[in-house]
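Below are the chains, spelled out letter by letter.
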Amino acid sequence: MITQHSLILASASPRRTELLRQIGVPHTIRPADVREEAPHPMTAEEYVRYLSQKKARAVARPGEIVLAADTVVSLDHRILEKPVDREAALEMLRLLSGRTHEVVTGVTIWTVERQETFTVPTKVRFCLIPEKWLLSYVMTNEPYDKAGGYGIQGQGGLFVEAIEGDYYNVVGLPINPISRHLETFGINPMFA
């Protein structure tokens, strides 16, 4: 039997766990140890669907509901994941400067009997970022565990001129559609 406390978050992201806490969903953290790479060329939507399903499968056990997500930044059909070092972060942020990009999150909710996967896109427009801001930003720890090399909820929010879509999706977990899907699995957010 699946209980309210059976939700497993297949992620070590502190942002994702905080967002689930924010909406009153109890959960256990069980990070998925999977290789994050595409088996063949994919669009951003295909890629995050594939990875969220792979993460969910990796941690799924009978009687549990698994929530897995993957978020990427997409610019000109190029997927920007987490930068590996300072130079990669600078390159990504210079590409994004003064332009609109898309943040896409793939979400999978998985039980042995049932699986649902969906994607949520959000458009984000950056200002023309002054070089001194970029150089200062990459000296922080913020860019290195975030798709596209920035965190909208942190100092990287300074670069954002506008967003079109779900703010929480850019943080890494679109809480409104996730709440609606979790309800169909018997897990209710705090207002249900």
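These numbers come from a predicted model, not from an experiment. (Residues numbered from 1 in each chain as written. Predicted model: local features only at pLDDT ≥ 70, side-chain atom pairs only at ≥ 80, totals over all residues. Heavy atoms only, no water.)

A. Quick look at the packing of aromatic side chains. Taken as a whole and judged by the stated rule, the model has four aromatic pairs. Seen in terms of ring centroids, F126 and Y150 are 4.7 Å apart; in terms of plane orientation they differ by 70°. Their pairing is edge-to-face. One end of the pair, F126, is in strand β6 (residues 115-126); the other, Y150, is in the loop between α4 (131-137) and β7 (160-164), and 24 residues separate them in sequence. With centroids separated by 5.0 Å and ring planes inclined at 80°, the aromatic side chains of Y137 and F159 adopt a geometry described as edge-to-face. Of this pair, Y137 sits in helix α4 while F159 sits in the loop between α4 and β7; the two residues are 22 residues apart in sequence, bridging distant segments of the chain. Assessed through its relative accessible area of 4%, Y137 is described here as buried. (Phe/Tyr/Trp six-rings, centres within 6.5 Å; stacked < 30°, edge-to-face > 60°. Helix = DSSP H or I, 4+ residues; strand = E, 2+ residues; numbered from the N terminus. Buried < 20%, exposed > 50% of the residue type's maximum accessible area, 1.4 Å probe, protein only.)

B. Structural detail: the pattern of salt bridges. Following the criterion strictly, the structure yields twelve salt bridges and no others. Each of the salt bridges in this network shares a partner with another, and the network as a whole consists of R15, D145 and K146. (Salt bridge = Lys/Arg side-chain N within 4 Å of Asp/Glu carboxyl O.)

C. Representation of helix α2 (residues 44-59) in the model. Its 16 residues place the ends of α2 23 Å apart at the C-alpha level, agreeing with the 22 Å of an ideal helix rising 1.5 Å per residue. Looking at α2, one finds that the buried residues are A44, Y47, V48, L51, S52, K55, A56 and V59. Looking straight down α2, one finds that the buried residues subtend no more than 160° of arc, so they occupy a single side. On its buried face, α2 is in contact with β1 (7-9), β3 (65-75), β4 (78-80), β5 (100-110) and β6. (Expected span 1.5 Å × (residues − 1). Arc of directions from axis to C-beta. Contact = heavy atoms within 4.5 Å.)

D. Molecular detail of unusual backbone geometry. Phi angles above zero are rare outside glycine, and D76 is one such case at about 50°. Take D76: it is sitting in the loop between β3 and β4. The class for D76 is exposed, based on a relative accessible area of 55%. Notably, H77 is not glycine yet its phi reads approximately 65°, a positive angle. Relative to the helices and strands, H77 is located in the loop between β3 and β4.

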